[in-house]
Amino acid sequence: MSLLTAGQLATSLWGAADILRGRVDAPQYRDVIFGMLVLKRASDQPGVLRVPERSLWSHIVGYEGKALGHVLNEALWELERSNPEVLKGVFEALDFDRRLGRAELKELVDHFDRILLGDADLEFGDEVGRACDLILSEFADSAGKLGPDFFTPRSVVRLMVRLVRPQEGQSVYDPFAGSGGMLLEARQYVDEHYGNSANLALFGQEANNSTWAMARLNLLLHSITDSSLLHGDTLTDPLHSEEGGRLRCFDRVLTNPPVSMKYYEKEVRHPERMKYGGASLKNADLLNVQHVLATLRPDGIGAVVSPHGVLFRRGTEGKIRRAIVEDDRLEAVIGIGPNVFHGTSIPACILVLRGVNGAPADQRGQVLFIDAEREVVTGRSQNRLEPQNIEKIVSVFREWVDIPGFSRVVSLQEIESNEFDLNIGRYVGTSPAPDSPLDVRAALFGGVPRSEFEAEAAKFHSYGIGLSDLFMPKNADYLDFPSCGCEATAARLPSLAAAKEEEFIGSCRSWWEEAASRIAERAESERLLMLRPRLMASFREELLPHGILDRYQLSGAFAAWWSNRHDDLRSLSLRGFSGVIDRWAAADVAGQSSYLPHGVARERVLDVLGADLYSRVEKLVVAERQGLINVYRSWGDRYETSLMDLERQSEAAAARLGARLKDLGYA
């Protein structure tokens with residue numbers, strides 16, 4: 001029997017939603033589905049919760065004499081009473097009797113009865129939680145303007161977690177927790193980078209009761225029962241405190257607060273949080289930022305999603321910005337563009353913040369600006385960050401480098417000269433680099449400026465294409481197209497580049513042979529996934545000297561490949577090569593056999609993984625080569641036909657017309 005994957009489970013859960021559609025309001029689907037899911041999971045997998053007899057799934061299925069809605073309600077109440085530390089208050093709004101009729105409830109129970117949720121039935125131990133993430137994303141898509149209040153796109157969450165890099169033994173806090181995605185991703189990051197997140201302490205707070213209940217269930221279904229996720233308004237009454245009533249501080253703070261939320265100053269407890277001001281603010285955007293700053297430990301790091309308005313609005317907000325920057329509390333501003341978040345198309349940014357110790361010594365008095373708007377992939381209804389986009393943003397942040405049109409390290413003095421306006425466009429040129437100006441002499445008399453070729457020569461050389469392949473000498477400053485013309489020469493470029501491209505792909509294959517051996521050595525080991533940073537670094541080091549792809553393209557290709565093959569690698573770490581073959585067979589991938597001898601399975605799996613990586617690299621190589629062809633053709637468009645050529649052609653055409661008119665007797 002094949003094991004249930006997160007995608008298959010999510011499809012089954014949407015099947016439950018189909019039963020509910022038209023019978024309860026759409027926002028209530030998730031409460032009903034999550035309630036049923038908890039009951040079934042708790043019964044199918046012993047040890048997840050303490051399950052009294054009335055909460056057992058067998059009791060629910062075998063009910064007699066009572067209405068099924070009452071049986072389900074009783075099962076939830078008993079489960080909560082037996083697990084108050086995890087479930088107290090979570091099911092208050094859920095009443096099966098009130099929401100559904102007898103027939104619908106019977107159909108729903110029968111549907112869940114066919115879904116097996118024990119660990120032995122699931123591909124991975126966290127498949128229930130992963131399926132919940134997929135379902136929550138769908139709910140957020142359909143929730144309109146309410147979406148951002150409970151669900152942050154997982155790609156944005158992944159980016160933020162990688163920016164702050166939580167570590168074993170630290171504390172992570174989300175003051176506007178929504179569905180709990182920040183805390184879950186932090187836990188997964190620590191698992192994959194350090195091997196064990198058991199001593200990572202998770203804290204959160206959420207104001208909306210329904211969202212808080214959903215977050216508690218989401219953490220539970222991800223097998224997290226030791227977090228501190230409290231219900232209440234963080235801005236007015238933060239609930240995590242230490243002895244003496246002082247606010248608790250954390251190593252890492254990650255959050256996506258509601259945008260432009262209203263507040264009443266007199267209701268705000270712990271006003272010491274707002275040390276940079278805020279009494280006259282019209283909305284709470286910068287109060288939320290200050291709460292993050294106030295709850296960071298001295299050496300802590302935070303990341304908060306904010307609307308772009310916090311970067312440039314004047315008045316009190318301008319004074320707050322100035323104080324934060326002058327205190328060295330702002331490390332980076334990362335713009336991620338519009339239409340990335342559910343239910344809103346407004347652009348957003350991520351502020352990376354520091355505790356009172358400030359940024360590292362070599363970064364003090366500076367702020368890194370990153371304009372990642374063009375790093376998002378445009379979707380039909382929503383833009384998204386892909387793994388390669390995240391990799392580039394994170395790499396540039398860690399390397400603290402300037403890249404024209406993408407990132408720039410800006411001094412406090414320059415920010416001050418702009419009156420502490422942090423608008424990203426002031427510091428990072430957002431428009432594409434302009435074409436080089438037209439060489440008037442070349443346009444008049446013909447030839448391609450040698451300087452324009454020299455600006456692109458290194459890229460052509462990396463493909464094995466030299467000056468003599470593209471031009472004939474004209475004089476010291478200008479070049480001529482070959483006698484066959486620009487277009488015919490452009491058509492030859494793929495064949496000219498073929499040898500270097502093959503050499504490059506050959507290096508990729510050689511790297512893979514060694515990497516595959518390292519991966520195979522860690523098969524059936526939980527440490528396999530921890531190879532990612534070292535494999536990426538060696539991949540980049542092996543291929544970068546060729547000059548065909550830059551470091552960010554190489555890192556991005558590897559990141560996209562690793563993400564796409566992540567579940568294959570997880571299966572390899574848990575069940576070995578035969579486990580990967582089994583999961584492919586279950587998905588009917590390329591007609592894979594469900595059984596292969598170990599040696600054959602090993603070869604097959606490594607061949608498929610390697611071929612996927614080669615394919616991604618080859619597509620980038622072809623795209624770069626096409627870019628060179630486009631550059632060459634642009635020279636042809638600009639310079640192949642000079643003004644003198646046009647004049648000669650015009651004179652010749654006029655002479656032919658005159659001769660023809662003379663032949664016709666019009667001369």
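Up top is the structure these notes are about.
Since we're looking at a predicted model, the values are computed, not measured.

Basis of the calculations
- Residues numbered from 1 in each chain as written.
- Predicted model: local features only at pLDDT ≥ 70, side-chain atom pairs only at ≥ 80, totals over all residues.
- Heavy atoms only, no water.
- Helix = DSSP H or I, 4+ residues; strand = E, 2+ residues; numbered from the N terminus.
- Buried < 20%, exposed > 50% of the residue type's maximum accessible area, 1.4 Å probe, protein only.
- Contact = heavy atoms within 4.5 Å.
- Areas by Shrake-Rupley, 256 points an atom, 1.4 Å probe, with all protein chains shown as cover.
- Lys, Arg positive; Asp, Glu negative; His and termini not counted.
- Charge placed at Lys NZ, Arg CZ, Asp CG, Glu CD.
- Pairing = 2+ DSSP bridges.
- Axes fitted to C-alpha atoms, helices over the stretch in contact; angles between N-to-C directions.
- Parallel < 35°, antiparallel > 145°, perpendicular 65-115°, else oblique.
- Left-handed = near helix turned anticlockwise from the far one by under 90°.
- Nonpolar A, V, L, I, M, F, W, Y, C, P; charged D, E, K, R; others polar.
- Phe/Tyr/Trp six-rings, centres within 6.5 Å; stacked < 30°, edge-to-face > 60°.
- Right-handed = clockwise from strand over helix to strand, strands pointing away.
- Salt bridge = Lys/Arg side-chain N within 4 Å of Asp/Glu carboxyl O.
- Core = buried A, V, L, I, M, F, W, Y, C linked by side-chain atoms within 4.5 Å.
- Disulfide = S-S within 2.5 Å.
- Expected span 1.5 Å × (residues − 1).

### Points about the overall build of the protein
Looking only at helices and strands, the protein has 27 helices and 12 strands in total. If one aligns the C-alpha atoms of the protein with their principal axes, the spans along those axes are about 110 × 70 × 60 Å. Taking all 667 residues of the protein together, the buried fraction comes to 52%. Look at the contacts in the protein between residues 6 or more apart in sequence, and 74% of them connect residues 24 or more apart. Carbon together with sulfur atoms contributes 49% to the accessible area of the protein, which is approximately 29900 Å² in total. Charged side chains of the protein number 77 positive and 95 negative; the gap between the two group centres comes to 2 Å.

### Focus on the sheet that holds strand β10 (residues 448-449)
One open sheet holds the 3 strands; their spatial order is β10-β12-β11, and the pairing between them is antiparallel. Only two strands of the sheet have a single neighbouring strand rather than two, namely β10 and β11 (472-473). The pairing of β10 with strand β12 (residues 478-480) spans 2 bridges and is classified as antiparallel. Across the sheet, residue Val448 finds its bridge partner in β12, namely Leu479.

### So, the packing of helix α13 (residues 285-294) against helix α15 (residues 316-326)
Viewed as axis vectors pointing N to C, α13 and α15 meet at an angle of 25°, and their least axial separation amounts to 11 Å. Considered as vectors, α13 and α15 are oriented roughly parallel to each other. Judged by the twist between their axes, the crossing of α13 over α15 is left-handed. Facing Leu286, Val289, Gln290 and Leu293 of α13, the residues of α15 in contact are Glu317, Ile320 and Ile324. When grouped by side-chain class, the residues that make up the contact of α13 with α15 number 5 nonpolar, 1 polar and 1 charged.

### As for the packing of aromatic side chains
By the definition in use, this model includes 20 aromatic pairs. Summarising the aromatic geometry, the rings of Trp512 and Trp561 are spaced 5.7 Å apart at their centres and angled 85° between planes, so their arrangement reads as edge-to-face. Here the residue Trp512 occupies a position in helix α22 (residues 486-521), and Trp561 occupies one in helix α24 (residues 551-564), the gap between them amounting to 49 residues. An identical accessibility class is assigned to Trp512 and Trp561; each is buried.

### Observations regarding the pairing of strand β3 (residues 228-231)
Direction of pairing for strand β2 (residues 201-206) relative to β3: parallel, over a ladder of 4 bridges. Its bridge partner being in β3, Gln205 is matched across the sheet by Leu230. Regarding the hand of the β-α-β motif, the stretch spanning β2, helix α12 (residues 209-221) and β3 is right-handed.

### Considerations on the pattern of salt bridges
One side chain can pair with another of opposite charge once the charged atoms of both are near each other. Considering all chains together, one arrives at 43 salt bridges under this definition. Measuring nitrogen to oxygen at the nearest pair gives 3.0 Å for the salt bridge that ties Glu326 to Arg322. Of this pair, Glu326 and Arg322 are both found in helix α15, 4 residues apart, which corresponds to roughly one turn of the helix. Owing to a relative accessible area of 36%, Arg322 belongs among the partly exposed residues under this scheme.

### Side note on the nonpolar core
Looking at soluble globular proteins, one finds that nonpolar side chains tend to be buried together. Among the nonpolar cores identified, the biggest contains 104 residues, and Ile33, Phe112 and Ile350 are the most heavily contacted of them. Tallying contributions element by element places helix α2 (residues 29-44) first for this core, with 9 residues. Within the second largest apolar cluster, 58 residues are counted, among which are Val448, Leu613, Val617 and Ile629.

### Brief notes about the packing of α24 against helix α26 (residues 598-639)
Orientation of α24 relative to α26, taken along the N-to-C sense of each, is 145°, at an axis distance of 10 Å. The two elements α24 and α26 cross, and the hand of that crossing is right-handed. Residue-level inspection shows Gln553, Ala557, Ala560, Trp561 and Asn564 of α24 in contact with α26, the latter providing Leu609, Asp612, Leu613, Arg616, Leu620 and Glu624. Each residue belonging to the contact of α24 with α26 can be placed in one class, and the counts come to 6 nonpolar, 2 polar and 3 charged.

### Quick look at the environment of Val161
Looking at where Val161 falls in the secondary structure, it is placed in helix α10 (residues 154-164). Relative accessible area serves as the criterion here: at 1%, Val161 is assigned to the buried category. Sequence separation between Val161 and Glu501 is 340 residues; the distance between their C-alpha atoms is 36 Å. Excluding residues that lie within four positions of it along the chain, Val161 makes contacts with Pro166, Met182, Glu185, Ala186, Tyr189 and Leu254.

### Some remarks on the sheet that holds strand β7 (residues 348-354)
Within a beta sheet, neighbouring strands are joined by backbone hydrogen bonds and run either parallel or antiparallel to one another. As summarised here, the arrangement of the 9 strands in space is β3-β2-β1-β4-β5-β7-β6-β8-β9, forming an open sheet in which the pairing is mixed. Two strands close off the open sheet at either side, each with one partner strand: β3 and β9 (407-411). Here the strands of the sheet are splayed against their neighbours by 15° on average, with no regard to which way each runs. As paired strands, strand β1 (residues 171-174) and β2 are joined by 4 bridges and run parallel to one another. Each bridged residue has a counterpart across the sheet, and for Tyr173 the counterpart in β2 is Phe203. Strands β1, β2 and β4 (250-255) of the sheet are contacted by helix α11 (residues 181-194), whose axis makes an angle of about 155° with β1.

### So, the pairing of β4
Extensive coverage of β4 is indicated by the burial of 6 of its 6 residues. Relative to β4, β1 runs parallel, the two being bridged by 2 bridges. Residue pairing for β4: Val172 is matched across the bridge by Arg252. Here β4 pairs with strand β5 (residues 296-307) via 5 bridges, running parallel. When the bridges of β5 are listed, Leu254 appears paired with Ala303.

### Here we look at the state of the cysteines
Summed over the entire model, instances satisfying the criterion amount to 0 disulfides. Of all cysteine sulfurs, the one in Cys484 lies closest to Cys486, which takes part in no disulfide; the gap is 9.2 Å. Residue Cys486 is classed as buried on the basis of its relative accessible area, which comes to 3%.

### What about unusual backbone geometry?
For Arg165, which is not glycine, the phi dihedral falls at a positive 50°. Its place among the elements puts Arg165 in the loop between α10 and β1. Phi is positive for Asp328, which is not a glycine, with a value near 65°. Structurally, the position occupied by Asp328 is in the loop between α15 and β6 (330-337).

### Points about the environment of Asn208
With respect to the helices and strands, Asn208 occurs in the loop between β2 and α12. Among the residues examined, Asn208 registers a relative accessible area of 39% and is labelled partly exposed. Separated by 81 residues in the primary sequence, Asn208 and Glu127 place their C-alpha atoms 26 Å from one another.

### Quick look at helix α23 (residues 532-543)
Between its first and last C-alpha atoms α23 spans 17 Å; for 12 residues at 1.5 Å apiece the expected length is 16 Å, and the two agree. Turning to α23, its buried residues number three or more, namely Arg532, Leu535, Met536, Ser538, Phe539, Arg540 and Leu543. Along its buried surface, α23 packs onto α10, α16 (387-399), α22, α24 and α26.

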